[in-house]
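# Examining the three-dimensional arrangement
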Amino acid sequence: MLSSCGDEEAKQGAETAESPQCPCTDATSADIFTVTIGATVPTGFEPTAAEEVKEKIGVDARISKDRGRIYFPVSTDKLFQEEALSEFQQLASKLPWTNALEVWKLNGALKKKKGHRKGGSGAKVKPNSETSDATTASAEQQELPEAVSVAEGQITSDGSPDVESGTQEEATPKAKLIKFRVTCNRAGDKHSFSSNEAARDFGGAVQDFFQWKADMTKFDIEVLLNIHNEEVVIGIALTEESLHRRNISHFGPTTLRSTLCYGMLRLCNPQPSDVIVDPMCGTGAIPLEGAIEFNSAFYIAGDNNDMAVKRTVNNVCHIQKRRAEKGSVSALPIDTVQWDLCSLPIRTSSVDIIITDMPFGKRIGSRKKNWDLYPSCLREMARVCRPGSGKAVLLTQDKKCFAKAVSRMGGLWRKLFTVWVNVGGLHAGVYLLQRTGAVFGQTPEDVYESRGTVNTQVDEKQEKERS
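Right, let's walk through the structure included here. (Residues numbered from 1 in each chain as written. Predicted model: local features only at pLDDT ≥ 70, side-chain atom pairs only at ≥ 80, totals over all residues. Heavy atoms only, no water.)

## A word on the packing of aromatic side chains
For the structure shown, the criterion picks out eight aromatic pairs. When the centroid spacing of 4.8 Å and the interplanar angle of 80° are considered together, the rings of F209 and F210 count as edge-to-face. Through a chain of ring-to-ring contacts, the aromatic side chains of W97, F180, F209, F210 and W212 assemble into a single cluster. (Phe/Tyr/Trp six-rings, centres within 6.5 Å; stacked < 30°, edge-to-face > 60°.)

## Some words on helix α2 (residues 46-56)
Within α2 the residues assigned to the buried category are E46, T48, A49, A50, E52 and V53. On the buried face of α2, the contacting elements are β2 (62-64), β3 (69-75) and α6 (258-268). Positive backbone phi, at 85°, marks G58, one or two positions downstream of α2. (Buried < 20%, exposed > 50% of the residue type's maximum accessible area, 1.4 Å probe, protein only. Helix = DSSP H or I, 4+ residues; strand = E, 2+ residues; numbered from the N terminus. Contact = heavy atoms within 4.5 Å.)

## Regarding the pattern of salt bridges
Summed over all chains, the structure comprises nine salt bridges. A salt bridge links R200 to D201; the shortest N-O distance between them is 2.7 Å. With a relative accessible area of 37%, R200 lands in the partly exposed category. Taking the relative accessible area as the measure of exposure, D201 reaches 11% and is therefore buried. Here R383 ties to E380 by a salt bridge, and the two come within 2.8 Å at their closest N and O atoms. You can see R383 and its partner E380 sitting in helix α9 (residues 367-384), three residues apart, about one turn around the helix. (Salt bridge = Lys/Arg side-chain N within 4 Å of Asp/Glu carboxyl O.)

## As for the packing of α2 against α6
α6 packs onto α2 with a crossing angle of 70° between their chain directions and a minimal axis gap of 10 Å. Taken together, α2 and α6 sit at an angle that is classed as roughly perpendicular. On α6, the residues that touch T48, E51, E52, E55 and K56 of α2 are Y262, G263, R266 and L267. Taken together, the residues of the contact of α2 with α6 sort by class into two nonpolar, two polar and five charged. (Axes fitted to C-alpha atoms, helices over the stretch in contact; angles between N-to-C directions. Parallel < 35°, antiparallel > 145°, perpendicular 65-115°, else oblique. Nonpolar A, V, L, I, M, F, W, Y, C, P; charged D, E, K, R; others polar.)

## Here's the deal with the nonpolar core
One finds M264, I355, L395, V421 and V430 to be the most contacted residues of the largest nonpolar core, which totals 32 residues. The leading source of residues in this core is α6, at seven residues. Excluding residues within four positions of it along the chain, V421 makes contact with T43, G44, F45, L260, L395, L426, H427, A428 and V430. Of all hydrophobic cores here, the second largest spans 30 residues; its members include M280, M381, A382 and M409. (Core = buried A, V, L, I, M, F, W, Y, C linked by side-chain atoms within 4.5 Å.)

## Some words on the sheet that holds strand β15 (residues 413-423)
Pairing within the open sheet is mixed, and its seven strands lie in the order β12-β11-β10-β13-β14-β16-β15. Where the open sheet ends on each side, the last strands, each with one partner, are β12 (334-338) and β15. Going from strand to strand, the sheet's axes swing by 20° on average, the running direction of each strand aside. The pairing of β15 with strand β16 (residues 426-435) spans ten bridges and is antiparallel. Bridge pairing links N422 to H427 in β16. In this fold helix α8 (residues 306-325) packs onto β11 (298-303) and β12, with an angle of close to 165° to the strand it touches most, β12. (Pairing = 2+ DSSP bridges.)

The following block contains the structure:
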């Protein structure tokens, strides 16, 4: 942590920022040093992201509880890719910027080498608070208080007036003037300042210290000012664009973020040769993310709405074209089909994993229809899933209806656990279910009959208006 935001804690936090114990300033050699990386992930999936960091990088991550962020140390040899406001002004000159800026330069060089950067001085898309990665200027942090997650607001400010002078580096007449902006994410109700005021004052101090030029759109460096109650984390963004739309080009009314899709996929732990089905695929966000990140399995994306199927096909074609432009000749392990989700054209006990975003009953369908739809879906999912080993990862905000449907299917499904997530401001659950060993056709749940005809079709005209 770099500084505390409480009125009585601010000075102490600023002093902590200068502490020599800060892990991100412990250089292991002249060329290799350690910095702290901060990654924002979908709220609720912090433990899943920490497991991934341990698996892929081999370090332990610290979870910022209920705030959708984790922090972990990385050495550069392993790099892959009012009174309170016056404290912000003083803080810029006291932070250990050197290592963080060096990692930012290394990250930019790697992206240029791999051809990821298409030119230009900065990102044109405003990064989303759920999806950006950052290297923090310091890693000294206090434990977050136990608190309920609060929606973050993202307000940017250009700080003080533009300064046309040179950079802090060795100036030459033709030296490139670095452009920057400060993005502030603030949560908490005891602050004597707004997000805009914090970004403005801190941005002005950064500008005075480095003699950089403030630019809100064509910036080279984005400084992140993340404030949660009495904790402040300051970092430099490593991703140029939001990652939550990384694989989607054709959107529907309820398209899931790619980051949330990835978290759901990790929960079910796909294995080589697994058959994975999304029976309500929408735009295909979940199976498309799986086909890219867990490509040893095979994915079937289906939906009852023809417009949704067309969007999925277009998204798959977009990714295939993008891969071909980069020289990849292998096709994605995914297929798309239009079907009735309560009568799937799939053999009994032939699917390993079912993963889908179920209708919340708000934009798609209704709460009343869900009372018939959910039991019918779970029954059909149980039919096609392998007894004993099959799994289902299901996302819904209609918790009461889902709980009742699962209880009716008790002989076919067993709930393992639930991950609570924020989906567009709605408190939803990702439920991991295990298929029991019961043979389909021999339990009372198999003969369950709905109270009426299940109508899962969405009016085409209404769908067009929403999209």
